[in-house]
Amino acid sequence: MNDKCLMCGTPMKGTRENIKDDLIGLDNVTLKGVMVYRCPKCGEREVGIYKIEELHRRLAMTVARRREKLGPKEIRFLRKYLGLSSKDFADKMGVDKTTVSKWERVDAPAPMGQPAERLLRLMVMVDKPIEEYPLEETGLVEARPVRMVAEEGKGTEAWRIVPAS
Ligand SMILES: [Zn+2]
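So, how was this worked out
Residues numbered from 1 in each chain as written. Predicted model: local features only at pLDDT ≥ 70, side-chain atom pairs only at ≥ 80, totals over all residues. Heavy atoms only, no water. Helix = DSSP H or I, 4+ residues; strand = E, 2+ residues; numbered from the N terminus. Contact = heavy atoms within 4.5 Å. Donors = N, O, S within 2.8 Å, 3.2 Å for Na, K, Ca; no water. Tetrahedral: all angles 85-135°; square planar, octahedral: opposite > 155°, others 65-115°. Buried < 20%, exposed > 50% of the residue type's maximum accessible area, 1.4 Å probe, protein only. Arc of directions from axis to C-beta. Pairing = 2+ DSSP bridges. Salt bridge = Lys/Arg side-chain N within 4 Å of Asp/Glu carboxyl O. Axes fitted to C-alpha atoms, helices over the stretch in contact; angles between N-to-C directions. Parallel < 35°, antiparallel > 145°, perpendicular 65-115°, else oblique. Left-handed = near helix turned anticlockwise from the far one by under 90°. Nonpolar A, V, L, I, M, F, W, Y, C, P; charged D, E, K, R; others polar. Patch = residues over 30% accessible without salt bridge, like charges linked within 9 Å, V, L, I, M, F, W, Y side chains within 5 Å. Areas by Shrake-Rupley, 256 points an atom, 1.4 Å probe, with all protein chains shown as cover. Core = buried A, V, L, I, M, F, W, Y, C linked by side-chain atoms within 4.5 Å.

Draft legend 1. Fine view of the environment of Met35. Secondary-structure assignment places Met35 in strand 2 (residues 31-38). Sequence-wise, Met35 and Met148 are 113 residues apart; in three dimensions their C-alpha atoms are separated by 58 Å. If we skip the residues at most four places from it in the chain, Met35 touches Gly14, Thr15, Arg16, Glu46, Val47 and Gly48.

Draft legend 2. Broad picture of the coordination of the zinc ion. Bound to the zinc ion are the protein donor atoms Cys5 (SG), Cys8 (SG), Cys39 (SG) and Cys42 (SG), situated 2.3 to 2.4 Å from the metal. Viewed at the metal, the four donor atoms of the zinc ion are separated by angles of 101 to 121 degrees, and the geometry they form is tetrahedral. On the primary sequence, the residues serving as donors to the zinc ion are separated as C-x2-C-x30-C-x2-C. Residue Cys8 is found in the segment before strand 1 (13-19), and its partner Cys42 is found in the loop between strand 2 and strand 3 (45-48); the two are separated by 34 residues along the sequence.

Draft legend 3. Examining the side chain of Arg79 more closely. Looking at the element boundaries, Arg79 is found in helix 2 (residues 72-81). Not counting the four nearest positions on each side in its chain, Arg79 is found in contact with Leu84, Ser85, Ser86, Phe89, Val100 and Glu104.

Draft legend 4. Representation of helix 3 (residues 86-93). Taken together, the buried positions of helix 3 are Phe89, Ala90, Lys92 and Met93. Seen end-on, helix 3 carries its buried residues on one side only, within an arc spanning 160 degrees. Here the buried face of helix 3 lies against helix 2, helix 4 (97-103) and helix 5 (114-125). Positive backbone phi, approximately 75 degrees, marks Gly94, located one or two places after helix 3.

Draft legend 5. A look at the pairing of strand 4 (residues 148-152). Of the pairings in the sheet, the one linking strand 4 to strand 5 (residues 159-163) comprises five bridges and is antiparallel in character. In the sheet register, Val149 faces strand 5, and the bridge partner there is Val162. Taken together, strand 4 and the strand that follows it, strand 5, pair antiparallel across an intervening segment of six residues, in which Gly155 is found at a positive phi of about 70 degrees.

Draft legend 6. Layout of the pattern of salt bridges. Counted according to the given criterion, the structure contains 14 salt bridges. One salt bridge in this structure joins Glu54 and Arg57, with 3.5 Å as the shortest N-O distance. Of this pair, Glu54 and Arg57 both sit in helix 1 (residues 52-65), three residues apart, which is roughly one turn of the helix. A salt bridge links Asp91 to Lys87, with the nearest nitrogen and oxygen atoms 2.9 Å apart. Residue Asp91 and its partner Lys87 are located together in helix 3, separated by four residues, close to a single helical turn.

Draft legend 7. Representation of the packing of helix 1 against helix 2 within the structure. For the pair helix 1 and helix 2, interaxial distance at closest approach is 10 Å and the crossing angle is 130 degrees. Judged by the angle between their axes, helix 1 and helix 2 are oblique. Where helix 1 crosses over helix 2, the handedness of that crossing is left-handed. Judged by residue contacts, His56, Arg57, Leu59, Ala60, Met61 and Val63 of helix 1 engage Glu74, Phe77, Leu78 and Tyr81 from helix 2. In terms of residue class, the contact of helix 1 with helix 2 is built from seven nonpolar, one polar and two charged.

Draft legend 8. Representation of a nonpolar patch on the surface within the structure. A cluster of nonpolar residues, Leu122, Met125 and Val126, forms a patch on the protein surface that exposes about 230 Å² of accessible area. By the element assignment, Leu122 lies in helix 5.

Draft legend 9. Structural detail: the nonpolar core. The biggest cluster of nonpolar side chains holds 29 residues, and the ones touching the most others in it are Leu78, Phe89, Met93, Trp103, Met112 and Leu120. Among the elements of the structure, strand 2, helix 1, helix 2, helix 3, helix 4 and helix 5 are those that each provide at least two residues to this core. The leading source of residues in this core is helix 1, at five residues. With residues near it in sequence (within four places) discarded, Leu120 still touches Leu70, Ile75, Leu78, Leu82, Phe89, Met93 and Met112.

Written out as structure tokens, the structure reads:
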């Protein structure tokens with residue numbers, strides 16, 4: 001945290017405050033007792049948030065587990081929490097980018113279907129880097145019955161799946 005104002009160079013003063021504004025992209029979330037630095041000369045404000053990644057994780061988990069349908073800001077918050085651009089999110093969900101922007105439109109959001117909503121929640125709840133799940137590559141080729149051989153593996157791999165010839 002800078003102790004001098006970025007705008008005018010005056011030393012900033014820090015106090016603990018409760019803040020309830022759109023700082024994290026969700027309405028109605030109060031951050032209790034966070035350090036807020038203010039410039040006594042020009043009024044510039046800087047907010048110092050302790051362990052911000054952990055804060056985002058806790059908020060995302062809580063949002064993903066709520067029973068209420070996800071609103072546009074919540075969808076956007078969860079997408080950003082997952083580190084996905086609109087394009088990457090669209091690819092994961094199997095929709096086009098326009099659909100994503102409609103879901104996230106604050107004034108007139110398009111409803112997210114229940115399977116899509118549950119998939120988004122699940123991506124958050126599994127709590128692992130989402131790149132480990134190659135969802136965007138699935139379901140793009142014509143259906144064909146599975147043909148594979150499972151054989152006992154060696155070492156750490158108990159079973160190996162190999163394509164059937
Ligand atoms: Zn200043």
